[in-house]
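# Structure assessment
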Amino acid sequence: MPAASTTLRTLAVSVITLLTVTGCQTLHDAGRTMGRADIVNDLAARMDRALELTYSAEYRLHGGQTASFVQSQEPARSSYTWPGGKLTVTDDATTRCDVDGARTVCTLEEPPAPNSKPSVVVFAEAELQGVITPPMVMGRLTSAALDPGAVITERSSTVAGHHATCVDVRQDTDSFTTCVTGEGALGSFTGQLDGQPVELALSRYDDQVDGGAFDLPAGAGVVDRRTAEP
């Protein structure tokens with residue numbers, strides 16, 4: 001498996017290592033801590049496996065807006081669309097589209113390194129735009145698992161017709177709820193981002209992908225910053 005695809009699993013391994021070597025604990029505390037590690041490890045492993053899938057997911061956002069995430073494997077490519085923007089990574093280009101009123105401008109830059117997972121690149125760039133992503137959620141779960149004052153509750157649920165594991169986290173500084181489907185897709189997230197309420201809920205999941213999801217928006221202006229072939 002390419003190194004870039006192990007991002008989420010590495011987070012989980014770090015949590016388990018820290019929780020099993022820190023300080024002296026009673027048996028009750030050790031059992032509770034290992035339970036936290038197991039939860040984080042399970043969800044991280046699911047999300048990690050999802051990087052190898054072909055699927056599309058549509059989400060409802062806070063305020064009634066929508067977003068979508070699409071990835072395919074042959075060829076490997078990913079796209080994340082949210083209100084005001086779209087980011088697409090293929091073996092031809094990394095494309096950022098910004099929407100300003102009725103005008104859309106897409107900037108084409110060099111594609112990522114051949115050993116990079118397009119979805120990992122998309123997630124990293126999307127987070128810079130304030131978009132909720134699986135790595136962002138895993139980072140918060142990791143932080144909660146390491147916080148002895150956090151109250152973490154796991155439960156089963158159904159999201160958009162798919163079985164999901166949900167985790168409720170209560171902390172003094174960062175309380176949130178998130179769900180991950182059995183396939184490894186992010187099912188939901190409700191919490192805060194930069195002090196503002198954010199909400200994301202899966203409304204549709206499909207293991208088929210429309211190739212047009214990776215195309216430029218109709219009528220978009222294009223700025224090509226890729227290096228010309230010699």
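Structural notes, computed from the coordinates. (Residues numbered from 1 in each chain as written. Predicted model: local features only at pLDDT ≥ 70, side-chain atom pairs only at ≥ 80, totals over all residues. Heavy atoms only, no water.)

### A look at the pattern of salt bridges
The criterion, for reference: Any Lys or Arg side-chain nitrogen found within 4 Å of a carboxyl oxygen on Asp or Glu counts as a salt bridge. Here a helix means four or more residues in a row that DSSP labels H or I, a strand means two or more in a row labelled E, and each is numbered from the N terminus.
Scanning the entire structure with this criterion turns up 10 salt bridges. The closest approach of N and O atoms between R140 and D174, which form a salt bridge, is 3.4 Å. Placement of R140 in helix α4 (residues 134-145) and of D174 in the loop between β8 (162-170) and β9 (176-181) is noted, with a sequence separation of 34 residues between them. Here the salt bridges do not stand alone but share partners, grouping R96, E109, E125 and R225 into one network.

### Re the pairing of strand β4 (residues 85-89)
Using the following cut-off: Remark: exposure states derive from per-residue accessible area (1.4 Å probe, protein chains only) relative to the maximum for the residue type, with buried under 20%, exposed over 50%, and partly exposed in between. Here, a strand pair is defined by DSSP locating no fewer than two bridges between the strands.
Of all 5 residues making up β4, 5 are buried, and the element is well covered by its neighbours. Residue alternation in β4 divides its side chains into two sets, G85, L87 and V89 and K86 and T88, and both sets are buried. For strand β3 (residues 76-82) and β4, the ladder comprises 5 bridges, and the chain directions are antiparallel. When the sheet's bridge partners are listed, S78 is paired in β4 with V89. Connecting β3 to the antiparallel partner β4 that follows it, the hairpin turn spans 2 residues, and G84 within it adopts a positive phi of roughly 95 degrees. Two elements, β4 and strand β5 (residues 94-100), share 5 bridges in a ladder whose sense is antiparallel. Bridge pairing in β5 links V89 to T94.

### What about the pairing of strand β7 (residues 151-159)?
Sheet topology places β7 next to β8; 9 bridges connect them, and they run antiparallel. By the bridge assignment for β8, E154 is matched with V167. Taking the residues that link successive antiparallel strands as the turn, the β7-β8 hairpin has 2 residues, and the phi of A160 there is positive, at about 55 degrees.

### Overview of the state of the cysteines
Here is the rule we go by: Cysteine sulfur pairs qualify as disulfides if the two atoms are within 2.5 Å.
Inspection of the entire model under this criterion finds 2 disulfides. The disulfide partner of C166 is C179, and the gap between their sulfur atoms is 2.0 Å. Disulfide C166 to C179: torsion about the S-S bond roughly 105 degrees, handedness right-handed. Note that C166 is positioned in strand β8 and C179 in strand β9, a separation of 13 residues in sequence. Given a relative accessible area of 0%, C166 falls into the buried group. Take C179: its relative accessible area is 5%, and that puts it in the buried class.

### Some details on the packing of aromatic side chains
Selection rule: Two rings from Phe, Tyr or Trp (for Trp, the six-membered ring) form a pair when their centres sit within 6.5 Å of each other. Planes less than 30 degrees apart are called stacked, planes more than 60 degrees apart edge-to-face, and all others tilted.
Scanning the model with the defined rule gives 6 aromatic pairs in all. Pairing F69 with Y80 gives two aromatic rings, centres 5.7 Å apart and planes at 65 degrees, and the pair type is edge-to-face. Of this pair, F69 sits in strand β2 (residues 66-73) while Y80 sits in strand β3, placing them 11 residues apart in sequence. Each member of the pair F69 and Y80 is classed as buried.

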